[in-house]
Amino acid sequence: MTVPTIQLNSGYSIPQLGFGVFKVDPAETERIVTDALEAGYRHIDTAAIYGNEEGVGRAIAASGIPRDELYITTKLWNDDQGTDSAYAAIDRSLDKLGLDHVDLYLIHWPTPQKDRYVESWHALEQIAADGKSRSIGVSNFLVPHLERIIAEGGTVPAVNQIELHPAYQQRDVTEFSRENGIHIEAWGPLGQGKYPLFDEEPVAAAAAAHGVSPAQAVLKWHLQIGNIVFPKSNSAERIRENLDLFGFELTADEIDAISGLERGGRVSAHPDEVN
Ligand code: NAD
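Going along each chain's sequence as written, the residues are numbered from 1 onward. Side-chain atom pairs in this predicted model are given and counted only at pLDDT of 80 or more, local residue features only at pLDDT of at least 70, and totals for whole chains, interfaces and linings cover all residues. Side-chain metrics in this entry use all non-hydrogen atoms of the structure; hydrogen atoms and water are not considered.

- As named in an unreviewed UniProt entry, the chain is Aldo/keto reductase, taken from Labedella endophytica.
- UniProt positions are given in the numbering used here, feature names are shortened, and annotations may be inferred rather than shown by experiment. Per UniProt, the chain carries the Sequence similarities (unreviewed entry) text "Belongs to the aldo/keto reductase family."

Right, here's the structure in full:
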């Protein structure tokens, strides 16, 4: 099993499939991330606000996996946007993770009401220059936010991590991002279990045709359309299932049918409203 990698505009490569730890209980994070590393994941997506960076760090340390074989992402929380506050935040995250650098550091939300995301972006540029993150990017940025940091910042984000699943594909953001060399990371790739995605006919049909689960069919749809994904699960069985995506290929018709499930079905907050 080899997870494909994607070359980012920073010159570094990211494994296209990883493991996300949103809502993973801090007390269980070390065990669950250990399960993921043992299953073969090498890319972990966490965030300061998840409160589980220490558990991720303990699992990394206990694994004995060489640092350069791992890809670790964390995120700058909204309250820490700014310059000195962002420098302090990355140092806290690195301390909790037990690392001297992360592979990817993201502004978690644009929080346009604070109007500090351009300043924060400059801080992330300095964090990259200082070697504390190999690549830098953003999360939950809409087109106007991206346009502004590209116009006022120096560096084009390596990724934009956005809510994206078959019922909510954010085509305006994905097209703008791709035109500007920004790779899309799809969070909530399975819709966070908040709508009956697995019962949708195109998903069920593709899963049946390839003898895989509906979750595997949806995750493969993401990979084949170029998204970077890191599904979350607490169950060792599903953790392994979600990595087992490389023994089948969806047809172009199956991909089109799943893409046809778009209905503007956002399951989480609107980025302009998060502060
Ligand atoms: P997800 O779409 O990965 O859904 C997770 C849920 O799907 C699990 O709780 C589980 O109930 C179910 N599931 C997982 N595997 C399954 C399987 N094989 N079969 C059936 N059900 C299965 O949602 P998510 O965890 O919110 O998103 C993935 C990751 O994205 C997060 O862990 C986090 O790292 C990241 N994320 C980022 C943001 C952001 O604002 N940047 C927001 C949310 C999540």
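Description of helix α7 (residues 201–210)
Then, number 1: Each residue gets one of three labels from its accessible area relative to the maximum for its type: buried under 20%, exposed over 50%, partly exposed in between, using a 1.4 Å probe on protein chains only. Labels follow the DSSP assignment, with helices taken as runs of H or I lasting at least four residues and strands as runs of E lasting at least two, numbered in each case from the N terminus. Within α7, burial applies to Pro-202, Val-203, Ala-206 and Ala-207. Buried residues in α7, looked at end-on, bunch into an arc of 130 degrees, giving them a common side. Summarising the geometry of α7, the exposed residues directed more than 90 degrees from the buried face are Glu-201, Ala-208 and Ala-209.
Then, number 2: In the segment just after α7, Gly-211 is the residue with positive phi, at about 65 degrees. By definition, the arc is the one covered by directions from the helix axis to the C-beta atoms.

So, unusual backbone geometry
Then, number 1: Phi is positive for Asn-140, close to 65 degrees, though the residue is something other than glycine.
Then, number 2: Along the chain, Asn-140 falls in the loop between β7 (133–139) and α5 (143–152).
Then, number 3: Residue classification places Asn-140 among the buried positions, given a relative accessible area of 5%.
Then, number 4: Despite not being glycine, Gln-170 has its phi angle at roughly 45 degrees, a positive value.
Then, number 5: For Gln-170, a relative accessible area of 8% gives the class buried.

Examining the packing of helix α8 (residues 214–224) against helix α10 (residues 252–259)
Packed helices, taken two at a time, are described by the angle their axes make and the gap between the axes.
Then, number 1: Between α8 and α10, whose axes approach to 10 Å, the crossing angle comes to 100 degrees. The orientation of α8 relative to α10 falls into the category roughly perpendicular. The segment α8 lies against α10, with Ala-217, Trp-221 and Gln-224 engaging Ile-255, Ile-258 and Ser-259.
Then, number 2: Among the residues making up the contact of α8 with α10, the classes are represented as four nonpolar, two polar and no charged. Here, axes are lines fitted to C-alpha atoms. For helices the fit covers the stretch in contact, and angles between N-to-C directions go from 0 to 180 degrees. We call two directions roughly parallel when the angle between them is under 35 degrees, roughly antiparallel when it is over 145, roughly perpendicular when it lies between 65 and 115, and oblique otherwise. Throughout, a contact is declared for two residues whenever any of their heavy atoms are within 4.5 Å. All amino acids are sorted into three groups, where Ala, Val, Leu, Ile, Met, Phe, Trp, Tyr, Cys and Pro are nonpolar, Asp, Glu, Lys and Arg are charged, and the leftover types, Gly among them, are polar.

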